Structures are given as C-alpha cells and as structure tokens.
Amino acid sequence: MRTAGVLVALAAALALQTTLAGLTIGSTTAVNLVLVAVIYAALAFGPVSGLLAGSVGGLAQDALAGGVIGVGGFSKTLVGFVIGLLGAQFIVAQTLPRLVMFLTGTIIHELCYQALYALVESRAFRMPWSATLIQAGVNALIGVFAFQIIEAGPGLVQRRRARGATLSRRNF
Amino acid sequence: MLEIPPRAPYRQRTGYLFLAVMVGHLILISAQVQSKAGVPVLEGVTFGVFSRIQTGVSGAFHGVTGTWSNYVALRGVRAENETLRQRLGDLEVRLQEQRALAGRAAQLESLLQLRESTTLPTLSAQVIAGNPNPGLLTVTIDRGSSDGVQPDMAVIAPKGVVGRVIGPVAGHASRVQLIIDRNAAIGAISERTRAGGMVVGVEGDPPLRMDLVSNLADIVVGDVIVASGVDGIFPKGFVIGTVERSERGKALYRDLTIRPAVGFSSLEEVLVVLVPARGAVPEEAPKPREAAK
C-alpha cells in the first residue's frame, strides 16, 4: 500500500513536472516535483523508501528529460537516503523542520546533480545558487503544503462526516 | 535444534541497499559517458577490470598447465630422452660423415682447379697411410709405378708443396717424403725479393727452416717462400710457406723459420707431378761392368 502510494505520488509528480517544464529560471527548473515526492517519501517512510523512491523517480525523470540516465537517479537516491536518515534521527513532525529538510534536500540534490554533470561533461563545476535557492524555496513550500494536505486529509473527512451526522440528528 | 542465523541490523541492510543502488547508478552513468579515448567509461572500466581477471585466470591456467606439462606429464620423458639422445648421437655421427664428405669434395674441387690451372702433367692421389716410423715424416699414396709415378717426383697440394716420392715405388702405391721431414730439403726463394736459399725440415715449431740466406738479404716476416726449382725436383713457383721469424744470424746467414703452407696434419688428397727430376735416371739394375767399377 505504501509502495503503491509512493509510486502513484511519483507518477503524479512526474506528470505535473513535465507539464511545468517551461517554468524555468535560468537553466534550472523552478520546481522539482519529483524531488518533492522523494523527500516526502523519505520523511514519511524512512531511508529505504526514500532511496528507492529517489532511484525510481530519478531514473524516470532522466529518461523523460533526455539527459544522461542515472545522474538524476543518483542524486535523488542520495537525497532520499540522507533525508530519510535525518528524518529518522530528528523530529520532523513540525512545519519548520520539514521546511529545512526540503531546503537541504534540494540543495544536496542540485550540488550532486551539477557535480555529476561537470564530471560527465569534463567541465568546471559551477553552481547556479540563485536558481537553486529559488527552487529550494518553492520545493519546500510545496512539500510542506503537501504534508499538511495529506496529514489533514483523513481528519478533515472524519470531521465532515461527524459534522454531517450532528446536523442530521438536529433536523430529525 | 535449528538455529536461525541472526539477520543483519536494519541500518546495516539499509546501508548495503544504498550502496548497491548508488553503484548501479554509477554503472548506468558510466555506460553512457565516453572517456577521452572515445570508449564508454563502463566499457573501459569493465575491460580494464576484466583484463586483470583474464590475466589472473590466464596466469593460473598457465600455472596449472605448466605444472602438468612440466611435472605430471613427464613420466615417460626419461625413456624418450634416452631415445632422443641416442638418435642425436647417430645424427652427430652422420653429420660428421657428411661434413667429412663435404670437406673431401671441397678438397677434390680445389685439387681439380689446381690441376686445371697448372700446365704440368699431374696425377691425383690419395693418402692411404701415414708413417709408421716417427723418425721419418712420410706418407703413402695410392699411386705407383703402374700409374707412372717415379722416385723424386714432386708431390703438391692445392696450398703448396707437399714433398717428393721416394723409392722404392710399388705398382699401386708409393711413399712420399714430406718437406717437413728433417732429411728433406728444397731449393727456395722469397717471392717478394727473390732472395734464395734452401728450406729444410726441422724438429720444432714451425717445422721448416730456411738456410743459406745472406744476412744482407731482404726477407721479413710474412714473406712467401716458393720453390726455386734449382733442385730439379719441385716445380718453380710453388708455395712452400711463409716466413714466421727472420733474424740476423751470428754467421753469414739469417735465421729464418718458415710456416708451411700445407696443413700436413690433414693431408688427404695430393697431386703427383709426373715430371721426372732433372738428371734423375730410371732405376735400373746395375750393369756388371759398372758394378765392378
């Protein structure tokens, strides 16, 4: 169930990401929804889920992006594993820690991604910090929002059901 | 009771999984990235690693086969070695025979050339025996009076003068006194300066000495000494040898030693010059009146 949920989340993130591909700042995409899904999986289910989600999501993203397949997978695997470990070590149930986790994960991902491409293309390493920070912020906001939605989802349904039952008793 | 082996801790398994996935990604990246040599990194690394493995496997294989062929498979080698050694000995004997035949053919060839180059009537002969008496250096040849050989006929070889026929001469054999015999003598001159003298055999090395050459004569080491022909036996101009030592003598004559041109230790084929010595008369039975005188 958990695996299926992660896979669905990844597929949805990928679908959205491909439609948002034109939304770029410089040469870096302003948001990376697949990365958000990976970090979410890592924070929610631990390092194993994080690294597997990162591997699958990264490979799929690489395959669709047309670059060197494996660079994104490697980076997202690393992020999923590291964030999963950090999430297991620290309490990240609050919004701020989650925000920090998304920011950290995005920066780690970009660092690794750019370093790998510099290695592969035999060029000097350069980091687009401004675009990275923007993407990190956007990712963090989306990730935190996603956490809120998902966590609030079941309770919201229960509350609505409960409210509906109260109204029925009042009327009848 | 069956004991279940303890499983690796969760964190450790996670680490292994992480490593495996990362390595998988690296391999995937390497397969797509080309090195500076134009070969995919994965291919290059794989080839490099596999070549090491191949080297190791090949070394091990050669070690095993070498052990097998050098030790295990050598059980019958001793007998084979013995057979081969015997065969090698036979072949060496045959080789020596062939070499001797070749040398003999070369000798015959040079003898034939000498025979064609000289205008003198000659008769080829083969040395069939050496000298049984150490005091006399003679050899026996397979030509005799029936072939026209007479005493005091000169015997020559391609390289130079050998000696002279000495009596008695048999029908199909004759004896030849070598010029290195201590009783032999031959009129000689220096080919370069024409300084004359007499070459005699001596016991020593070299076995020839040239006498009766004036101290004033110009003869140096390396000069070729040839027959002068004054003795009436040896044809003029045939090589006797070369001067090995030339020193001023105490008396009137120089001390000269000559290295013979002919190798007497390997004398096999010779030519008999069928020209009777000048002044020599056929051996006949002395007439009673002459005998009485």
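As a reminder, the structure under discussion sits directly above these lines.
Residues numbered from 1 in each chain as written. Chains lettered and ligands numbered in written order. Predicted model: local features only at pLDDT ≥ 70, side-chain atom pairs only at ≥ 80, totals over all residues.

## Digging into the sheet that holds strand β7 (residues 196-201) of chain B
Residues and elements named next belong to chain B.
- With respect to topology, six strands assemble into a closed barrel ordered β6-β7-β8-β11-β10-β9, the strand pairing being antiparallel. Averaged over all adjacent pairs, the angle separating strand axes in this sheet is 40°, with direction ignored.
- Strand direction decides the pairing type here: strand β8 (residues 208-211) and strand β11 (residues 255-260), joined by three bridges, are antiparallel. By the bridge assignment for β11, Leu208 is matched with Ile258. (Pairing = 2+ DSSP bridges. Helix = DSSP H or I, 4+ residues; strand = E, 2+ residues; numbered from the N terminus. Axes fitted to C-alpha atoms, helices over the stretch in contact; angles between N-to-C directions.)

## Quick notes on the sheet that holds strand β5 (residues 174-178) of chain B
All names here are of chain B.
- Taken together, six strands build a closed barrel; the order of strands is β1-β2-β5-β4-β3-β12 and the barrel is antiparallel. Averaged over all pairs of adjacent strands, the angle between strand axes in this sheet comes to 45°, irrespective of strand direction.
- Direction of pairing for strand β4 (residues 160-166) relative to β5: antiparallel, over a ladder of four bridges. Looking at β5, one finds that Val165 is bridged to Val176.

## Considerations on the interface of chain B and chain A
- The partner chain A presents 13 residues to the eleven residues of chain B that form the contact.
- Among the residues forming the side of chain B that touches chain A, the class breakdown is eight nonpolar, three polar and no charged. (Contact = placed C-beta atoms within 7 Å. Nonpolar A, V, L, I, M, F, W, Y, C, P; charged D, E, K, R; others polar.)

## Notes on the packing of helix α4 (residues 71-89) of chain A against helix α1 (residues 10-32) of chain B
- At a minimum axis distance of 8 Å, the contact between α4 of chain A and α1 of chain B shows a crossing angle of 165°. Here α4 of chain A is positioned roughly antiparallel relative to α1 of chain B, judged by the angle of their axes. Here α4 of chain A and α1 of chain B pass one another in a crossing that is left-handed. Between α4 of chain A and α1 of chain B, the contacting residues are Val71, Gly73, Phe74, Thr77 and Phe81 of chain A on the first element and Phe18, Val21, Met22, His25, Leu26 and Ile29 of chain B on the second.
- For the contact of α4 of chain A with α1 of chain B, the class distribution of residues is eight nonpolar, three polar and no charged. (Parallel < 35°, antiparallel > 145°, perpendicular 65-115°, else oblique. Left-handed = near helix turned anticlockwise from the far one by under 90°.)

## A closer look at the nonpolar core
- Membership of the largest hydrophobic core comes to 47 residues, with the highest contact counts inside it found for Ile156, Val161, Val162, Ile179, Val199 and Ile240 of chain B.
- Sequence-distant contacts of Ile179 of chain B, that is, excluding residues within four places in its chain, are made with Val161, Val162, Gly163, Ala184, Ile186, Val199, Gly201, Leu208, Ile240 and Pro260 of chain B.
- By size, the runner-up hydrophobic cluster in this structure holds 44 residues, among which are Ala41, Leu52 and Ile83 of chain A together with Phe18 of chain B. (Core = buried A, V, L, I, M, F, W, Y, C linked by C-beta atoms within 7 Å. Buried ≥ 20, exposed ≤ 12 C-beta atoms within 10 Å, placed from the backbone.)

## What to know about the pairing of strand β10 (residues 239-247) of chain B
All names here are of chain B.
- Two elements, strand β9 (residues 224-227) and β10, share three bridges in a ladder whose sense is antiparallel. The residue of β10 that forms the bridge with Ile225 is Gly241.
- One ladder, built from six bridges, connects β10 with β11; its direction is antiparallel. In the strand pairing of β11, Glu247 is matched with Asp255.

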